[in-house]
Amino acid sequence: MPIKIGILGCGWLGTALASELLKTSFMVKASTTQETKLSDLKKLGVTPYLLDVSAHFLSVTDTSFFDVDICIITLPFRRNLDPAALYNEQIKQILKKIKNHTHTLIFTSSTAVYPDCNDWVNEASILTLNTERQVSLYAAEKNILYSECENSYVLRLGGLYGPQRDLKKILKGKIIKKPCRTPVNLIHQGDAVALILALIEQKPPSGIYNGVSDEHPTRE
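None of the values given here were measured: they were computed from a predicted structure.

For the rest of this paragraph, the subject is the sheet that holds strand β1 (residues 4-8). Strands sit in the order β4-β3-β2-β1-β5-β6-β7-β10 across an open sheet of 8 strands; the sheet is mixed. Two strands close off the open sheet at either side, each with one partner strand: β4 (58-60) and β10 (207-211). Here the average twist between neighbouring strands, direction ignored, is 20°. Bridge count between strand β6 (residues 104-110) and strand β7 (residues 151-157): 7 bridges; the pairing is parallel. Across the sheet, residue I106 finds its bridge partner in β7, namely Y153. Across the sheet, helix α1 (residues 12-21) lies against β1, β2 (27-32), β5 (70-73), β6 and β7, angled at about 165° from β1, the strand it touches most. In this fold helix α6 (residues 189-202) packs onto β1, β5, β6, β7 and β10, with an angle of close to 165° to the strand it touches most, β7.

The next point concerns helix α4 (residues 132-145). Counted at 1.5 Å a residue, the expected span for α4 with its 14 residues is 20 Å, and the 20 Å between its end C-alpha atoms agrees. Regarding α4, the residues found buried are Q134, S136, L137, A140, E141 and I144. Viewed end-on, α4 has its buried residues packed into an arc of 165°, placing them on one side of the element. Packing partners of the buried residues in α4 comprise β5, α3 (86-97), β6, β7 and β10.

Below, the discussion takes up the pairing of β1. Among the 5 residues that make up β1, 5 are buried, leaving the element largely enclosed by the rest of the structure. In this sheet, β2 lies alongside β1 in parallel orientation, the contact comprising 4 bridges. What sits directly across from K4, in β2, is M27. With α1 bridging β1 and the parallel β2, this β-α-β connection has right-handed handedness. When β1 meets β5, the two strands line up parallel, connected through 4 bridges. Paired with G6 across the bridge in β5 is C71.

Parameters at a glance
Residues numbered from 1 in each chain as written. Predicted model: local features only at pLDDT ≥ 70, side-chain atom pairs only at ≥ 80, totals over all residues. Heavy atoms only, no water. Pairing = 2+ DSSP bridges. Helix = DSSP H or I, 4+ residues; strand = E, 2+ residues; numbered from the N terminus. Axes fitted to C-alpha atoms, helices over the stretch in contact; angles between N-to-C directions. Contact = heavy atoms within 4.5 Å. Expected span 1.5 Å × (residues − 1). Buried < 20%, exposed > 50% of the residue type's maximum accessible area, 1.4 Å probe, protein only. Arc of directions from axis to C-beta. Right-handed = clockwise from strand over helix to strand, strands pointing away.

Function-wise, these values are silent; they only describe arrangement.
Here it is in structure tokens:
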């Protein structure tokens with residue numbers, strides 16, 4: 001029987017991941033909040049589900065979405081989410097629905113959880129949480145790591161770019177308010193997908209992993 005994988009929040013990154021997973025023997029399910037995207041996901045070859053989650057409830061067209069061996073949560077932390085604590089509450093609602101036979105959980109977090117210290121950090125660095133977004137994101141990470149799944153991974157990704165997200169177009173016309181000479185953490189979509197695949201295939205110890213390019217250009 002093929003391994004069943006669910007991608008919760010199958011947007012830009014999740015769709016690219018699904019395309020790679022479909023090249024293997026995995027059975028892939030994917031959720032979206034937009035009904036218009038269901039047909040696109042079906043054409044891609046995955047089983048699509050309409051899923052909406054809030055701080056107090058989670059609704060899904062079919063609860064069989066959670067009947068998976070591996071659940072990959074790529075739920076975006078939208079900047080207009082107010083208060084920011086709602087994000088952690090959404091993650092808690094998702095964890096309530098994950099069934100016991102989901103043995104692997106992968107959560108795409110962000111390097112934004114680190115303090116803006118302009119210095120080297122790693123997975124073991126002590127965090128200084130200065131913003132509500134950092135507090136909520138870190139709480140969500142902890143809930144993932146303390147879940148009852150056999151393997152739980154938090155993948156802290158740098159700023160994502162790639163197809164349809166060209167850095168020149170993203171930054172065009174924007175005013176950079178932070179110091180221009182400070183380095184930034186970035187990662188290409190293809191590398192982020194490869195890291196998720198590596199977690200699935202290699203099954204390293206549960207924990208936190210950073211995912212950034214080895215080059216750190218300045219913000220300028």
